[in-house]
Amino acid sequence: MTADKKESTRKKIAATNEMKKIMADYYYELDSAVKNDSQKVAWCTSVGPAEILRSLGFYVYFPENHGAMLGSSRMSTDLIPYANAIGYSPEVCSYLTSDIGAYLKKVTPLSKVYEGIDSIPRPDVVVFNTNQCRDVQDWMTFYAKEFKVPILGIHTHTGVNEVSDTHVQSISQQMKEMVEYLEKISGNSFDRRKLQKVLSLSRECSDLWKEVLDTASNIPSPLTFFDGIIHMGPAVVLRGTQQAVDYYKLLLNELKERIKNHEGAVDGERFRLYWDGMPIWGRIRAHSELFANLKACIVASTYCNSWIFTGFNPSEPFKSMARAYTELFIVRADAAKERYLKRMTDLFKIDGIIYHDSKSCANNTNSRYGMPQRLEKETGIPSLVVNGDLNDLRCLSDEQFITNVEAFIEQLAEKK
Ligand code: SF4
């Protein structure tokens, strides 16, 4: 694809510089904690119990964020075969295979972005939650063995239609049982008030992040999916901290200013789209330009909304975390997902839905069991399924992607 060379018509967000700074501070802090042996480091899956870890004084590192960096830096495709060679199939999560490949080759995009950081931070413990998929368990198990550190996991119910008290109770109990082990590893005693404080900051971060994403319900939208996946960094790795809260206040002000000035993220916005599924990290810029040049703004997505945890309630920390981490879209049955998508298409005034069928992530792919057809029949909103992958660019045909998107936009234009 040559779109990388074209001039982008997606407007830059000024707050990006501040976001780069806080992300740099986050990675340098982790690096220094390991180099100076000053603080324990926990690795955690991205929708795992980060709040419990932070409240016990751990610095928290998220391998999935590293996986996304491997994808966006386009290092993944060369690294995946090293993980395949030790038995991880090309069919399983390409975050997992690119991350393990990078570990085996002793490379990291962190060194390219942050001078002086030579490697990922060594963990003292790894913690996962299967609310996303089983792949995270296998991924974290690999590292627990490599680094010879304890591994703790929460096993979540999947395919849930309505989240019940029984679900919440069982997840809450698993979270509570983790605490005793984490106390020993961290050397700190659990303090309920600290957890409540962290959870309150996480909730504030989540509410602000929701407000940021909801600004896109305005016409024209002040931000796109491509802005969202860049600016979600603090909501993933820094939720539970004041820095994330401060950052989203700054970003929100800028977006409100755009709304006031009727300034859209895409010049001459004509089509409003919804993206379901994983981003294609190695083509962020190219896809952003492709859609912007077609006057199409992807105004909402399942992916960016996955870091909204409105269920967090500091007065019931374990119960509310259990509920919020089980109410996630990815954990739910198709019936619940479809109800959610219908609400989203109404709120964001969607003209068309794009489903990304991601070769190595069945968990974030929703087009394989009739959902696009059912929703289209009910709402009349046309949809397109694109084939690709989050990180493995060998699964993507750029030409086919462009042709399909252009044809879809033509189809939407005929309806206008
Ligand atoms: S949800 Fe998909 S992308 Fe995320 S860790 Fe699981 S398999 Fe990988």
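From a predicted model like this one, the values you see are computed outputs, not experimental measurements.

Student: How should I be thinking about the pairing of strand β1 (residues 41–44) in this particular structure?
Tutor: The side chains of a regular strand alternate between both faces of the sheet. Of the two faces of β1, the one lined by Val41 and Trp43 and the one lined by Ala42 and Cys44 are each fully buried. In terms of strand pairing, β1 meets strand β2 (residues 59–61) through 3 bridges, oriented parallel. Across the sheet, residue alanine 42 finds its bridge partner in β2, namely valine 60. Handedness of the crossover joining β1 and β2 through helix α2 (residues 50–55) is recorded here as right-handed. With 3 bridges connecting them, β1 and strand β3 (residues 125–129) associate as parallel partners. Residue cysteine 44 lies in a different strand from β3, and its bridge partner there is valine 127.

Student: Could you clarify how one ought to interpret a nonpolar patch on the surface in this entry?
Tutor: Taken together, the side chains of Tyr82, Ile86 and Leu104 define a hydrophobic patch exposed on the protein surface, amounting to about 260 Å² of accessible area. Take isoleucine 86: it is sitting in the loop between α4 (76–85) and α5 (94–105). A relative accessible area of 46% places isoleucine 86 in the partly exposed class.

Student: Would you take a moment to explain the state of the cysteines for this structure?
Tutor: Joining two cysteines, a disulfide is a covalent bond between their sulfur atoms. Per the stated rule, a full pass over the model turns up 0 disulfides. Free cysteine: cysteine 395, not disulfide-bonded; nearest cysteine sulfur from cysteine 93 at 12 Å. Under the relative-accessibility criterion, cysteine 395 is labelled partly exposed at 26%.

Student: Hey, could you run me through the site of the ligand in this one?
Tutor: Around the ligand, a shell composed of Cys93, Tyr95, Gln132, Cys133, Asp135, Val136, Met278, Ile330, Cys361, Asn363, Asn364 and Leu390 is seen. The residue makeup of the shell around the ligand, split by class, is 8 nonpolar, 3 polar and 1 charged.

Student: How do you make sense of unusual backbone geometry when you look at a structure like this?
Tutor: Trans is the prevailing form of peptide bonds, just as negative phi is the prevailing case for residues other than glycine. Of note, the bond from isoleucine 219 into proline 220 is cis; its omega dihedral lies within 30 degrees of zero at -5°. Note on placement: proline 220 falls in the loop between α9 (192–214) and α10 (225–231). The phi dihedral of arginine 74 is positive, around 60°, even though this residue is not glycine. Among the structural elements, arginine 74 can be located in the loop between α3 (63–72) and α4.

Student: Please explain the environment of tyrosine 82 as it appears in this structure.
Tutor: Mapping tyrosine 82 onto the fold places it in helix α4. Separated by 16 residues in sequence, tyrosine 82 and serine 98 place their C-alpha atoms 8.3 Å apart. Contact partners of tyrosine 82, with chain neighbours within four places excluded, come to Gly101, Leu104 and Lys105.

Student: Teacher, can you tell me more about the pairing of β3 here?
Tutor: In terms of burial, β3 is largely enclosed, as 5 of its 5 residues are buried. Covered by surrounding structure in β3 are Val125, Val127 and Asn129 together with Val126 and Phe128, the residues of both alternating faces. Sheet topology places β3 next to strand β4 (residues 151–154); 4 bridges connect them, and they run parallel. In the strand pairing of β4, asparagine 129 is matched with isoleucine 154. Regarding the hand of the β-α-β motif, the stretch spanning β3, helix α7 (residues 135–147) and β4 is right-handed.

Student: Please clarify how the packing of helix α1 (residues 16–35) against helix α12 (residues 242–260) should be interpreted in this entry.
Tutor: Geometry of a packed helix pair, given as the angle between the helix axes and the separation of the axes. Look at α1 against α12: their axes get within 10 Å of each other, and the N-to-C directions meet at 170°. Here α12 runs roughly antiparallel to α1, going by the angle between their axes. Counting all contacts with α1, which are made through Thr16, Glu18, Met19 and Ile22, the residues of α12 involved are Gln243, Tyr247 and Leu250. Residues that form the contact of α1 with α12 fall into these classes: 4 nonpolar, 2 polar and 1 charged.

Reading the values: the criteria
- Residues numbered from 1 in each chain as written.
- Predicted model: local features only at pLDDT ≥ 70, side-chain atom pairs only at ≥ 80, totals over all residues.
- Heavy atoms only, no water.
- Buried < 20%, exposed > 50% of the residue type's maximum accessible area, 1.4 Å probe, protein only.
- Helix = DSSP H or I, 4+ residues; strand = E, 2+ residues; numbered from the N terminus.
- Pairing = 2+ DSSP bridges.
- Right-handed = clockwise from strand over helix to strand, strands pointing away.
- Patch = residues over 30% accessible without salt bridge, like charges linked within 9 Å, V, L, I, M, F, W, Y side chains within 5 Å.
- Areas by Shrake-Rupley, 256 points an atom, 1.4 Å probe, with all protein chains shown as cover.
- Salt bridge = Lys/Arg side-chain N within 4 Å of Asp/Glu carboxyl O.
- Disulfide = S-S within 2.5 Å.
- Near = heavy atom within 4 Å.
- Nonpolar A, V, L, I, M, F, W, Y, C, P; charged D, E, K, R; others polar.
- Contact = heavy atoms within 4.5 Å.
- Axes fitted to C-alpha atoms, helices over the stretch in contact; angles between N-to-C directions.
- Parallel < 35°, antiparallel > 145°, perpendicular 65-115°, else oblique.

In short, the description is geometric, and any link to function would need to be established separately.
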